[in-house]
Amino acid sequence: TCIPTVEDSVYFDDSSFTAAGQSVNINTTAWCKLMDWTNATNNPELTGGATLNINGSLTLIPAMTYSFGGPIKFLSADAGNTITTAGNTLGSFQIDFNGAGEYTLQDNLEISGGINFNSGTLNTNNFDITLSGFGGNNFESNVPTTRVLNLGSSIISVDNWIISDTTSMTFDAGTSSIGNGGFFGGTFDGGSLTYY
C-alpha cells in the first residue's frame, strides 16, 4: 500500500474493515482525488485532526463514526462533484472551497465549524446547512475570485454570514432563509446582494 496522492481515488469497501472498531486515522496532511465509503462494512471510524485535501467528491455513510476533527479543503477544478454526509456531523474546524470546480450537496450539511467559500460553484441543492459549535461558525466569502453560490430553498443556520467582497460573484438566493443558530448574537454582512 501507499499513501494516496491528489490523483488517487480512495474507496472503502467490504474488504477494508474486517472487524468492528477499526478506523482510518488522518494524522498528517492527506490528499485524495475523491473519498467514498459507500461499500464499507463493520461500522468503521474516521479519526484524526490533520488537513484533508479532496480533489473531488466526498461520500460518507450512516453506518460509520465520523470523529475526524481536521480542516477539509475541497480543491476540484471540475464540474459534477458531490458532498454526501449521510447524517454525519463534520467535526472539522473549517471547510474551505478553494477549487474552481462545482460542488453539489446530496443531503443536509452540518459542520462543527465554519465554511470559507473562496472559489468555484456551490449548489446547496435545497438541502440545509447548519454550522454549529461554540463560535467561529461562520459562512464567509471575502475574496475577489470567481464564485457561484446557489442556495435554492435551503435553510442556513450560522453564527455569522459574511460576504464582504462580491467581486466576480454570481448569487442566487432562491427561496432560502439564513438565520442565526449560534450562541453569540450573530452578524449579517450580505455584501449588498439580493436575498429572499
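In the block above lies the structure referred to throughout.
Residues numbered from 1 in each chain as written. Predicted model: local features only at pLDDT ≥ 70, side-chain atom pairs only at ≥ 80, totals over all residues. Heavy atoms only, no water.

Peer 1: Any chance you could break down the packing of aromatic side chains for me, citing the residues and the numbers?
Peer 2: Considering all chains together, one arrives at 13 aromatic pairs under this definition. Here Trp161 and Tyr195 contribute two aromatic rings whose centre-to-centre distance is 6.4 Å and whose plane-to-plane angle is 80°, an arrangement assigned as edge-to-face. Of this pair, Trp161 sits in strand 20 (residues 160-162) while Tyr195 sits in the segment after strand 23 (187-189); the two residues are 34 residues apart in sequence, bridging distant segments of the chain. Owing to a relative accessible area of 23%, Tyr195 belongs among the partly exposed residues under this scheme. Connected via pairs of aromatic rings, a cluster forms that spans Phe74, Phe97, Tyr103, Phe117, Phe139, Trp161, Phe171, Phe188 and Tyr195. (Phe/Tyr/Trp six-rings, centres within 6.5 Å; stacked < 30°, edge-to-face > 60°. Helix = DSSP H or I, 4+ residues; strand = E, 2+ residues; numbered from the N terminus. Buried < 20%, exposed > 50% of the residue type's maximum accessible area, 1.4 Å probe, protein only.)

Peer 1: Mind laying out the sheet that holds strand 14 (residues 114-117), listing which residues take part and the relevant values?
Peer 2: Here eight strands make up an open sheet; going across it, the order is 3-6-9-11-14-17-20-23 and the pairing parallel. Among the strands making up the open sheet, the edge pair consists of strand 3 (30-32) and strand 23. Taking the axes of each pair of neighbouring strands and ignoring which way they run, one obtains an average angle of 10° across the sheet. Relative to strand 14, strand 11 (residues 94-97) is paired through four bridges, and the arrangement is parallel. When the sheet's bridge partners are listed, Asp96 is paired in strand 14 with Asn116. (Pairing = 2+ DSSP bridges. Axes fitted to C-alpha atoms, helices over the stretch in contact; angles between N-to-C directions.)

Peer 1: So, the sheet that holds strand 1 (residues 10-11): which residues are in play, and what are the values?
Peer 2: Strand-to-strand pairing in sheets goes through backbone hydrogen bonds, with the strands running parallel or antiparallel. Spatial strand order, 1-4-7-10-12-15-18-21: eight strands in an open sheet with parallel pairing. At either end of the open sheet lies a strand with only one pairing partner, and these are strand 1 and strand 21 (169-172). Note: strand 1 against strand 4 (residues 35-36), two bridges, orientation parallel. The residue bridging Val10 from the neighbouring strand is Met35, located in strand 4.

Peer 1: Quick one: what's the story with the environment of Ser112, residue by residue and with numbers?
Peer 2: Examined against the element boundaries, Ser112 turns out to sit in the loop between strand 13 (109-111) and strand 14. Taking the C-alpha atoms as reference, Ser112 lies 9.9 Å from Ile95; in sequence the two are 17 residues apart. Not counting residues within four places of it along the chain, the set of residues in contact with Ser112 comprises Thr89, Leu90, Gly91, Ser92, Phe93, Ser132 and Asn137. (Contact = heavy atoms within 4.5 Å.)

Peer 1: Quick one: what's the story with the side chain of Asp165, residue by residue and with numbers?
Peer 2: Turning to its location among the elements, Asp165 is positioned in the loop between strand 20 and strand 21. The buried charged residue Asp165 lacks any salt bridge partner; its closest oppositely charged side chain belongs to Arg147, at an N-O distance of 4.4 Å. Within the structure, Asp165 has its side chain in polar contact with the side chain of Thr167 (distance 2.7 Å). Beyond its immediate stretch of four places on either side in the chain, Asp165 contacts Ser141, Asn142, Val143, Pro144 and Arg147. (Lys, Arg positive; Asp, Glu negative; His and termini not counted. Salt bridge = Lys/Arg side-chain N within 4 Å of Asp/Glu carboxyl O. Polar contact = N/O pair within 3.5 Å; in protein donor to acceptor, adjacent residues only side chain to side chain.)

Peer 1: Go over the pairing of strand 12 (residues 102-105), please, and point to the residues and values.
Peer 2: Relative to strand 12, strand 10 (residues 81-84) runs parallel, the two being bridged by three bridges. Considered in strand 12, the bridge of Thr82 is made with Thr104. Relative to strand 15 (residues 120-123), strand 12 is paired through three bridges, and the arrangement is parallel. In the strand pairing of strand 15, Tyr103 is matched with Leu122.

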